[in-house]
There are 2 protein chains.
Amino acid sequence: MMLKTTSEIDIVKANSSKINEVDFENLTFGNVFTDHMLVCDFKEGKWEKPVIKPYEPFLIDPSAKVFHYGQAIFEGMKAYKDENDDVWLFRPDENLDRFNKSAVRMAMPEIPEEIFIGGLKTIVDMERSWVRKGLGNTLYIRPFMIAVGSGVIAQPSSQYRFMIILSPARSYYSGEVKVIIAEHYSRAANGGIGAAKAAGNYSAQFYPQKLAQEKGFQQIIWTDDATHTKLEEAGTMNVFFRFNDTIYTAPTSERILDGVTRKSLIAIAKRDGIKVEERSVLVSELIAGAKDGSLKEIFGAGTAAVVSPIVGFQYQEDYYELPKIENSLAIQLKDKLTKVQYKLAEDTFGWTVKV
Amino acid sequence: MMLKTTSEIDIVKANSSKINEVDFENLTFGNVFTDHMLVCDFKEGKWEKPVIKPYEPFLIDPSAKVFHYGQAIFEGMKAYKDENDDVWLFRPDENLDRFNKSAVRMAMPEIPEEIFIGGLKTIVDMERSWVRKGLGNTLYIRPFMIAVGSGVIAQPSSQYRFMIILSPARSYYSGEVKVIIAEHYSRAANGGIGAAKAAGNYSAQFYPQKLAQEKGFQQIIWTDDATHTKLEEAGTMNVFFRFNDTIYTAPTSERILDGVTRKSLIAIAKRDGIKVEERSVLVSELIAGAKDGSLKEIFGAGTAAVVSPIVGFQYQEDYYELPKIENSLAIQLKDKLTKVQYKLAEDTFGWTVKV
Ligand SMILES: Cc1ncc(COP(=O)(O)O)c(C=O)c1O
Ligand SMILES: Cc1ncc(COP(=O)(O)O)c(C=O)c1O
């Protein structure tokens with residue numbers, strides 16, 4: 001894949017590295033950051049030269065629009081190290097594309113390909129010792145953009161800051177994942193910002209998530225806000241449902257994030273003859289399938305968790321446990337995807353990009 | 001009204017005041033801030049002692065949750081100076097109450113009454129020279145809370161910062177306000193965060209607002225996301241519709257902000273024998289009313305704009321101009337409300353609170 005990049009980046013190196021203080025065996029997700037961060041400011045209608053410099057707090061005005069109006073978007077991606085110590089990105093063009101779609105929806109400036117891709121490659125290259133070898137070890141990459149312009153009028157900012165920060169990570173969820181189907185709260189609406197990776201979409205879910213967790217569920221499966229009859233996605237994952245030998249996932253829409261993991265699993269399934277359909281699954285179908293045994297698996301799919309098998313779901317008063325099955329398609333698909341990411345299987349799609 | 005307050009506030013005074021640099025005749029909304037700000041941090045489960053100190057940028061970690069997940073809420077209120085140089089707040093208990101409702105919905109800690117009210121009174125008192133006499137002159141007050149805890153896991157922060165900043169202001173909108181009725185985009189959904197003054201609700205509107213402005217409309221009147229048939233509110237104002245001699249406004253709900261101006265106008269109308277009903281107005285009723293002449297007025301109501309008469313509205317392909325009328329209820333209500341705020345009329349409801 002030919003992606004534009006840039007060498008026009010100022011670099012200020014950290015005096016020393018924190019890497020020896022980090023316990024790579026016991027990482028909690030997203031807590032530890034590497035030595036450097038990338039910063040690129042947008043002022044007077046244009047992007048300035050990006051700078052990579054030591055990771056540290058920065059100064060911002062109390063009236064910055066990000067604080068008052070939530071003008072903020074982000075991406076989530078990972079770098080992987082193969083057996084030869086080469087470091088790889090996975091479909092960074094997809095993240096760039098989605099980032100810029102989010103930017104448009106949030107009335108923010110789009111980031112040029114050369115800054116996004118060039119910035120990624122340069123900073124990940126500098127931090128390559130933070131990318132550990134071995135399946136499940138990754139460097140989580142968080143590009144984001146915030147409105148830093150000051151003033152409390154409810155209008156788009158004229159100044160923005162794009163940043164990339166990096167955090168060594170292992171898989172996001174561990175343990176059994178039980179979910180609850182949303183009946184009252186909703187994540188997104190038609191005409192809303194659900195398809196954007198906008199900051200406000202996530203804090204909006206914290207309270208319903210807390211309620212779900214108090215009842216013993218790790219995740220919510222969101223339903224359409226208008227009728228709560230269609231299954232949509234989870235808070236940070238798209239969701240697949242396997243009935244007999246076919247897997248289904250909701251089509252992307254204004255309400256659903258167009259996940260890179262989702263589309264990659266669909267492509268792998270199609271390539272390998274696993275039946276997959278993009279169509280809305282109704283809550284009623286899920287219940288019927290759980291009752292008659294045709295519902296075999298439910299799993300989440302997202303960069304952080306990769307593939308997250310779900311053991312059961314609650315709907316209204318009842319909890320439905322999923323069967324323990326052999327030849328889980330969730331596990332097969334996770335395995336196939338992971339092998340591409342770590343360069344252990346042929347990358348038939350040309351998804352991996354060397355750093 | 002008896003409100004709890006506190007004198008437990010540390011004060012660090014600015015060395016000099018910027019007030020002489022400010023052109024009070026030509027203020028644009030929310031651009032200029034006074035000399036001080038209030039800061040109160042929430043850590044390890046409790047609120048620390050508030051500090052009032054010089055207004056200035058502050059340091060924050062790039063991974064702060066407010067940047068990534070939009071955990072941020074705010075309030076908007078005003079201080080008014082009367083003819084005796086006394087300074088007044090208007091229904092600050094309502095803003096406190098709404099702030100804490102927003103906090104709960106966004107999984108943030110509630111702020112104690114004594115910090116909110118005590119903080120407000122103390123900082124407004126310090127900045128009383130920034131509150132100018134004369135109708136239309138106000139000090140706009142922006143209390144807000146942001147998640148400052150670091151880490152990019154999509155979970156509520158454990159650290160927050162509550163702040164109050166102040167900006168001298170005149171009325172928000174000027175000139176003729178033409179509006180467009182939303183047909184595709186939506187502001188809020190059932191089960192969502194529309195009733196909270198959460199940052200993310202506002203940036204979500206920037207893009208549709210930009211499209212509306214490009215077509216020559218200053219504001220959007222939002223409709224329910226599910227059917228786009230019910231009129232809800234504007235981006236920063238509740239909306240009233242007058243048919244013949246009755247004014248109607250949508251009932252508050254999960255989708256609609258419970259505006260202080262809205263409820264104050266309703267109370268004044270009821271007290272003074274103006275017919276007012278809280279019920280959804282349908283787009284079809286609006287069109288019919290515009291055609292048969294029963295639709296007399298539309299006006300927005302909110303702290304920033306107070307009352308904002310609307311001259312006409314666009315729906316689909318057609319623009320409907322409202323009649324120029326005498327004895328506008330919008331103007332009457334604005335006048336009655338403003339007089340209470342500036343202590344020019346008796347405060348029969350006990351709404352004003354002396355600083
Ligand atoms: C709401 C939501 N759905 C789905 C996903 C999965 O997307 P991806 O596979 O690109 O990580 C994410 C991102 O992590 C998300 O935030
Ligand atoms: C969405 C929205 N609706 C209505 C209002 C009006 O509320 P209030 O009268 O309390 O200012 C506001 C706040 O300004 C608002 O943000």
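Each chain carries its own residue numbering, running from 1 in the written order of its sequence. For this description, chains carry letters from A and ligands carry numbers from 1, given in the order in which they are written. Under the rules for a predicted model, residues below a pLDDT of 70 receive no local features and side-chain atom pairs below 80 are neither given nor counted, while totals for whole chains, interfaces and linings still include all residues. Excluded from the side-chain calculations are hydrogens and water; all other atoms, namely the structure's heavy atoms, are used.

1. As for the interface of chain B and chain A
Then comes step 1: Whether two residues are in contact is decided by their heavy atoms: any pair within 4.5 Å suffices. Listed as interface residues are 61 residues of chain B and, on the opposing side, 61 residues of chain A.
Then comes step 2: Approximately 5,000 Å² of surface area, both sides summed, lies buried where chain B meets chain A, with 65% of it carried by carbon and sulfur atoms.
Then comes step 3: Take a side-chain nitrogen of Lys or Arg and a carboxyl oxygen of Asp or Glu: if they are within 4 Å of each other, that pair is a salt bridge. Along the contact surface separating chain B from chain A lie zero salt bridges.
Then comes step 4: N or O atoms closer than or at 3.5 Å make up a polar contact, with two conditions inside protein: a donor-capable atom paired with an acceptor-capable one, and, for residues adjacent in sequence, both atoms drawn from side chains. Across the contact surface, chain B and chain A share 22 residue pairs in polar contact (both at pLDDT 80 or more).
Then comes step 5: The element that contributes the greatest number of residues to the side of chain B that touches chain A is helix H4 (residues 200-214) of chain B, accounting for eight residues.
Then comes step 6: Classes in brief: Ala, Val, Leu, Ile, Met, Phe, Trp, Tyr, Cys and Pro nonpolar; Asp, Glu, Lys and Arg charged; the others, Gly included, polar. Considered class by class, the residues forming the side of chain B that touches chain A number 37 nonpolar, 18 polar and six charged.
Then comes step 7: As paired elements, strand E5 (residues 58-60) of chain A and strand E5 (residues 58-60) of chain B share three bridges and run antiparallel to each other. Here the buried area means the combined drop in accessible surface, using a 1.4 Å probe, for two parts upon being joined, counting both sides. Each helix is a run of DSSP H or I of at least 4 residues and each strand a run of E of at least 2, with the numbering of both proceeding from the N terminus. Each pair of strands is called paired provided DSSP finds at least two bridges between the two strands.

2. Brief notes about the environment of lysine 210 of chain B
Then comes step 1: Residue position: lysine 210 of chain B is located in helix H4.
Then comes step 2: For the pair lysine 210 of chain B and glycine 300 of chain B, spaced 90 residues apart in sequence, the C-alpha separation works out to 19 Å.

3. With respect to the pattern of salt bridges
Then comes step 1: This structure, assessed with the given rule, holds 40 salt bridges over all chains.
Then comes step 2: Aspartate 272 of chain B serves as the salt-bridge partner of arginine 271 of chain B, at 2.8 Å between the closest nitrogen and oxygen.
Then comes step 3: Burial classes follow relative accessibility: with a 1.4 Å probe on protein chains only, a residue under 20% of its type's maximum area counts as buried, one over 50% as exposed, and anything between as partly exposed. With a relative accessible area of 35%, arginine 271 of chain B lands in the partly exposed category.
Then comes step 4: Residue classification places aspartate 272 of chain B among the partly exposed residues on the basis of a relative accessible area of 30%.
Then comes step 5: In the salt-bridge network here, residues are joined through shared partners; they are Arg91, Glu94, Asp258 and Lys263 of chain A.

4. Section: the site of ligand 2
All names here are of chain B.
Then comes step 1: In this text, near means that some heavy atom of the residue lies within 4 Å of the molecule or strand in question. Inspection of the region around ligand 2 gives 16 residues, with Lys197, Tyr202, Glu233, Thr261 and Thr303 positioned closest.
Then comes step 2: Contact distances for ligand 2 include 2.6 Å between an oxygen atom and a side-chain N or O atom of threonine 261.
Then comes step 3: Interatomic distance of 2.6 Å between a side-chain N/O atom of threonine 303 and an oxygen atom of ligand 2.
Then comes step 4: Among the secondary structure elements, those contributing two or more residues to the shell around ligand 2 are helix H5 (260-271) and strand E18 (295-302).

5. Overview of the pairing of strand E16 (residues 275-278) of chain A
All names here are of chain A.
Then comes step 1: In the sheet, strand E15 (residues 246-249) pairs with E16 via four bridges, with the strands oriented parallel. Bridging from a neighbouring strand, tyrosine 248 pairs with glutamate 277 of E16.
Then comes step 2: Following the chain from E15 across helix H5 (residues 260-271) to the adjacent parallel E16, one finds a crossover that is right-handed. Handedness is read with the strands pointing away from the viewer; a crossover is right-handed when the path from the first strand over the helix to the second is clockwise.

6. Things to note about helix H7 (residues 329-341) of chain B
Residue and element names in this part refer to chain B.
Then comes step 1: Counted at 1.5 Å a residue, the expected span for H7 with its 13 residues is 18 Å, and the 18 Å between its end C-alpha atoms agrees.
Then comes step 2: Looking at H7, one finds that the buried residues are Leu329, Ala330, Leu333, Leu337, Thr338, Val340 and Gln341. Down the axis of H7, the sector holding all buried residues measures 155°, keeping them to one side.
Then comes step 3: The opening residue of H7, the one whose side-chain oxygen lies 3.1 Å from the backbone nitrogen of alanine 330, is serine 328.
Then comes step 4: A positive phi of about 60° marks lysine 343, the residue just after H7. One less than the number of residues in a helix, times 1.5 Å, gives the span that helix is expected to have. As used here, the arc is the angular range of directions from the helix axis to the C-beta atoms.

7. Quick word on the site of ligand 1
Residues and elements named next belong to chain A.
Then comes step 1: Neighbouring residues of ligand 1: 16 residues in total, closest Lys197, Tyr202, Glu233, Thr261 and Thr303.
Then comes step 2: A distance of 3.0 Å separates an oxygen atom of ligand 1 from a polar side-chain atom of lysine 197.
Then comes step 3: Within the backbone of valine 260, an N or O atom sits 2.8 Å from an oxygen atom of ligand 1.
Then comes step 4: Under the convention used here, a 1.4 Å probe and the Shrake-Rupley method define accessible areas, while residue burial counts only the protein chains that appear. When the free accessible area of ligand 1 is taken as 390 Å², the share hidden by the protein chains comes to 96%.
Then comes step 5: Counting residues per element, the ones that place at least two in the shell around ligand 1 are H5 and strand E18 (295-302).
Then comes step 6: Residues of the shell around ligand 1, tallied by class, amount to five nonpolar, seven polar and four charged.

8. Quick look at the confidence of the model for chain A
Then comes step 1: pLDDT: the predictor's confidence for each residue, scored from 0 to 100. Mean pLDDT over chain A works out to 96, with 99% of the residues at or above the 70 mark.
Then comes step 2: Here the predicted complex scores 0.97 on pTM and 0.97 on ipTM.

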